[in-house]
Amino acid sequence: AQSVAQPEDQVNVAEGNPLTVKCTYSVSGNPYLFWYVQYPNRGLQFLLKYITGDNLVKGSYGFEAEFNKSQTSFHLKKPSALVSDSALYFCAVRPDSNYQLIWGAGTKLIIKP
Amino acid sequence: DTEVTQTPKHLVMGMTNKKSLKCEQHMGHRAMYWYKQKAKKPPELMFVYSYEKLSINESVPSRFSPECPNSSLLNLHLHALQPEDSALYLCASSQPGANVLTFGAGSRLTVL
């Protein structure tokens, strides 16, 4: 079965430190990979995507993600965390253009001042 | 306009009520989606409309009835809901086959 794993329910980071939110997937072929963020009581917002090309993808709010095909991972990163980055982060994978998104379980990111 | 607007933001209804959730976008997107999201969980796809035609129904109970009157509007009609249907209902839009979804802020539904 095709799946997306976010192994950490919660990640705690001090403000100013680098952050990483992990995502691995088990999907056949060459999937499209996404990160979305959800602030409290809000809908989801698109952060970034990987379809093809450079393995390092830059997105909104200073976030970036690194695609690693051999490890089937797409970890979200930011060099210096802000308290305002505290939110729920979802990794999602689209197996190909004819499939709907497969969502990870989400990771709650807490940035402490 | 790069927004998806959902109304109402909050809705409380009894199990015998009939209500509707509304969603509107003016980005020219021709695919529109309904998702259901429980607290701290990923969104669950319910329905997809592509070019105003229902293309995906993820085996959703008939007490949820979607409607797409035109390319900008998406409704979700609710009838005889159960308390377990209480959730955040998210509308999203995209170009058909496109990869990025634009979500609304959601309608938080409480069924008593």
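Residues numbered from 1 in each chain as written. Chains lettered and ligands numbered in written order. Predicted model: local features only at pLDDT ≥ 70, side-chain atom pairs only at ≥ 80, totals over all residues. Heavy atoms only, no water.

Let's shift gears to the nonpolar core. Residues and elements named next belong to chain A. Counting residues in hydrophobic clusters, the biggest one holds 27 residues, and the most contacted among them are Leu 19, Trp 35, Leu 47, Leu 48, Phe 74, Leu 76 and Tyr 89. Mapped onto this core, the elements with two or more residues apiece are β2 (10-14), β3 (19-21), β5 (32-38), β6 (44-50), β8 (64-68), β9 (73-78), β10 (87-94) and β12 (107-112). The element best represented in this core is β10, accounting for four residues. Setting aside its immediate chain neighbours within four residues, Phe 74 contacts Cys 23, Leu 33, Phe 34, Trp 35, Leu 48, Lys 49, Tyr 50, Ala 65, Glu 66 and Phe 67. (Core = buried A, V, L, I, M, F, W, Y, C linked by side-chain atoms within 4.5 Å. Buried < 20%, exposed > 50% of the residue type's maximum accessible area, 1.4 Å probe, protein only. Helix = DSSP H or I, 4+ residues; strand = E, 2+ residues; numbered from the N terminus. Contact = heavy atoms within 4.5 Å.)

What follows concerns the layout of surface pockets. In this structure, the largest pocket encloses a volume near 540 Å³. As for the largest pocket, its lining consists of 21 residues, of which Gln 38, Leu 88 and Lys 108 of chain A together with Ala 39 and Lys 40 of chain B are closest to the centre. Of all elements in the fold, only β10 and β12 of chain A reach the threshold of two or more residues within the lining of the largest pocket. When the residues that make up the lining of the largest pocket are grouped by side-chain class, the tally is eight nonpolar, six polar and seven charged. When its volume is computed, the second largest pocket comes out at roughly 370 Å³. Considering the residues around the second largest pocket, the lining is formed by 17 residues, among which Arg 42 of chain A together with Glu 3, Val 4, Phe 103 and Gly 104 of chain B are closest to the centre. Residue assignment for the lining of the second largest pocket shows that the elements contributing at least two residues are β6 of chain A together with β1 (4-7) and β10 (102-103) of chain B. (1 Å grid on protein atoms, 1.4 Å probe; cavity = no way out; pocket = protein on both sides within 12 Å on 5 of 7 lines; lining within 4 Å. Points joined across faces, edges and corners; volume = space filled by probe spheres on them. Nonpolar A, V, L, I, M, F, W, Y, C, P; charged D, E, K, R; others polar.)

What follows covers the state of the cysteines. Among covalent bonds in proteins, the disulfide is the one between the sulfur atoms of two cysteines. For the structure shown, the criterion picks out two disulfides over all chains. Residue Cys 23 of chain A pairs covalently with Cys 91 of chain A via a disulfide, S to S 2.0 Å. In this structure, the disulfide formed by Cys 23 of chain A and Cys 91 of chain A twists by about -65° around the S-S bond and is classed as left-handed. Of this pair, Cys 23 of chain A sits in the loop between β3 and β4 (24-26) while Cys 91 of chain A sits in strand β10, placing them 68 residues apart in sequence. Each member of the pair, Cys 23 of chain A together with Cys 91 of chain A, is buried. The disulfide that involves Cys 23 of chain B links it to Cys 91 of chain B, with 1.9 Å between the sulfurs. Here Cys 23 of chain B and Cys 91 of chain B share a disulfide; its torsion about the S-S bond, -70°, makes the bridge left-handed. (Disulfide = S-S within 2.5 Å.)

Turning next to the interface of chain A and chain B. Facing 20 residues of chain A, the contacting portion of chain B comprises 21 residues. Both sides together, the interface formed by chain A and chain B hides about 1500 Å², and carbon and sulfur atoms give 57% of it. The three residues of chain A that bury the most area against chain B are Leu 44, Gln 100 and Trp 103 of chain A, which together make up 33% of that side's buried surface. Here chain A and chain B share three residue pairs in polar contact (both at pLDDT 80 or more) between them. Those elements giving two or more residues to the side of chain A that touches chain B turn out to be β5, β6 and β10 of chain A. In terms of residue count, the dominant contributor to the side of chain A that touches chain B is β5 of chain A (four residues). (Buried area = accessible area lost by both parts, 1.4 Å probe. Polar contact = N/O pair within 3.5 Å; in protein donor to acceptor, adjacent residues only side chain to side chain.)

With that settled, the discussion passes to the sheet that holds β1 of chain B. Residue and element names in this part refer to chain B. Reading across the sheet, the four strands line up as β1-β3-β8-β7 and stay open at both edges, with antiparallel pairing between neighbours. Both outer strands of the open sheet, β1 and β7 (64-70), are each paired with one neighbouring strand and no more. Each neighbouring strand pair of the sheet contributes to a mean axis angle of 20°, computed without reference to strand direction. Pairing analysis gives seven bridges linking strand β3 (residues 18-25) to strand β8 (residues 73-79), with the strands arranged antiparallel. Opposite Lys 19, over in β8, you have Leu 78 as the bridge partner. (Pairing = 2+ DSSP bridges. Axes fitted to C-alpha atoms, helices over the stretch in contact; angles between N-to-C directions.)

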